Amino acid sequence: RINKLIKSQVEQKTAELKKINIDLENQIIETRNSSELNNRIVENSPSGIIVFDREFNITLFNKSAWDLTKVSQMPKNIFDIKLFENILQDKLNKIFEDNYKFINREITFENKEREKISYRYNIYHLYDFDGSIRGAILTIEDVTKELRIKEQAHEKEKNIALNQIIAGLAHEIRNPLTS
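What you see is a predicted model; the values in this text were computed from it and never measured.

**Some points on the sheet that holds strand β3 (residues 102-110)**
Sheet strands pair via backbone hydrogen bonds, and the direction of the pair is either parallel or antiparallel. Strand order in this open sheet of five strands is β2-β1-β5-β4-β3, and the pairing throughout is antiparallel. The open sheet is flanked by β2 (58-61) and β3, the only strands paired with a single partner. Strand after strand, the sheet turns through a mean of 25° between neighbouring axes, direction not considered. With six bridges connecting them, strand β1 (residues 48-53) and strand β5 (residues 133-142) associate as antiparallel partners. Note on β5: the bridge partner recorded for Gly48 is Ile140. Its contacts with the sheet place helix α4 (residues 144-178) against β3, β4 (116-127) and β5, and it is angled at close to 125° to β4.

**Comments concerning unusual backbone geometry**
Unlike most non-glycine residues, Phe56 shows phi in positive territory, near 70°. Along the chain, Phe56 falls in the loop between β1 and β2. The backbone of Asn104 sits at a positive phi, close to 50°, despite the residue not being glycine. Following the sequence through the fold, Asn104 ends up in strand β3.

**Observations concerning the nonpolar core**
Within the largest apolar cluster, 26 residues are counted, with the highest numbers of intra-cluster contacts made by Ile50, Ile78, Phe84 and Ile140. Contributing elements (two or more residues each) for this core: β1, β2, α2 (63-69), α3 (82-88), β3, β4 and β5. Excluding its chain neighbours within four sequence positions, the residues that come into contact with Ile78 are Ile50, Phe52, Phe56, Ile58, Phe84, Glu85, Leu88 and Leu138.

**Looking at the environment of Glu55**
Considering the arrangement of structural elements, one finds Glu55 in the loop between β1 and β2. Along the backbone, Glu55 and Glu115 are 60 residues apart, and their C-alpha atoms lie at a distance of 31 Å.

**Overview of a nonpolar patch on the surface**
A surface patch of nonpolar side chains, about 450 Å² in accessible area, is lined by Ile165, Leu169, Ile173 and Leu177. Counting through the fold element by element, Ile165 comes out in helix α4. Since its relative accessible area comes to 53%, Ile165 is described here as exposed.

**Quick notes on the pairing of β2**
Bridging between β1 and β2 involves three bridges; their strand directions are antiparallel. Across the sheet, Phe52 pairs through a bridge with Ile58, a residue of β2.

**What about the environment of Ile29?**
Tracing the sequence through the fold places Ile29 in helix α1 (residues 2-43). On a C-alpha basis, the gap between Ile29 and Ile107 in space is 42 Å, while along the polypeptide they are 78 residues apart.

**Remarks on the pattern of salt bridges**
Under the criterion given, the structure shown has 11 salt bridges. The salt bridge involving Lys19 is made with Asp23; its shortest N-O contact spans 3.7 Å. Of this pair, Lys19 and Asp23 are both found in helix α1, four residues apart, which corresponds to roughly one turn of the helix. Its relative accessible area of 54% is what places Lys19 among the exposed residues. Its relative accessible area of 36% is what places Asp23 among the partly exposed residues. Residues joined by salt bridges that share partners form a network here, namely Glu106, Arg120, Glu146 and Lys150.

**Comments concerning the side chain of Ser118**
When you line up the elements, Ser118 lands in strand β4. For Ser118, a relative accessible area of 10% translates into the label buried. Discounting chain neighbours no more than four positions away, the residues touching Ser118 are Ile107, Thr108, Glu141, Asp142, Val143, Thr144 and Leu147.

Quick notes on the rules
- Residues numbered from 1 in each chain as written.
- Predicted model: local features only at pLDDT ≥ 70, side-chain atom pairs only at ≥ 80, totals over all residues.
- Heavy atoms only, no water.
- Pairing = 2+ DSSP bridges.
- Helix = DSSP H or I, 4+ residues; strand = E, 2+ residues; numbered from the N terminus.
- Axes fitted to C-alpha atoms, helices over the stretch in contact; angles between N-to-C directions.
- Contact = heavy atoms within 4.5 Å.
- Core = buried A, V, L, I, M, F, W, Y, C linked by side-chain atoms within 4.5 Å.
- Buried < 20%, exposed > 50% of the residue type's maximum accessible area, 1.4 Å probe, protein only.
- Patch = residues over 30% accessible without salt bridge, like charges linked within 9 Å, V, L, I, M, F, W, Y side chains within 5 Å.
- Areas by Shrake-Rupley, 256 points an atom, 1.4 Å probe, with all protein chains shown as cover.
- Salt bridge = Lys/Arg side-chain N within 4 Å of Asp/Glu carboxyl O.

These values are about where atoms sit, not about what they do.
Structure below.
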């Protein structure tokens, strides 16, 4: 009788463990899928994504960041790249403070060929599980073409307005002359 009771309790606990095991396997699969999705998003992002810790050591450097910086080997520190050094030089004391955000900032940088290139960047805090800041995420993109197009559109609008003013002046001058 005691054996039957123990056997039924063992079977019950075994069934519970099997259910917990299945749930755990499903969570592992879901975590892997989520991790794979995050990796694909980061790697295929058109923006350069660089993750660095509080000592400014790079922990992630996506494909777009490689293309943007044109470095030949993986940099160890964020300051190994002149562009990032220029971005961060005046923000060192503020980067890891909770109340500071660096969203949609722009910087113009002159490359080796003396061409001016404009970049738009964001710096986000990277938090630990306990809520403390453990690093930062820098996203950056080349906006040189976008700014040139905006500048050309602005010039075109200025020219149109100027032409309208000139046409109005010519009309006002012609009226008294005609009469």
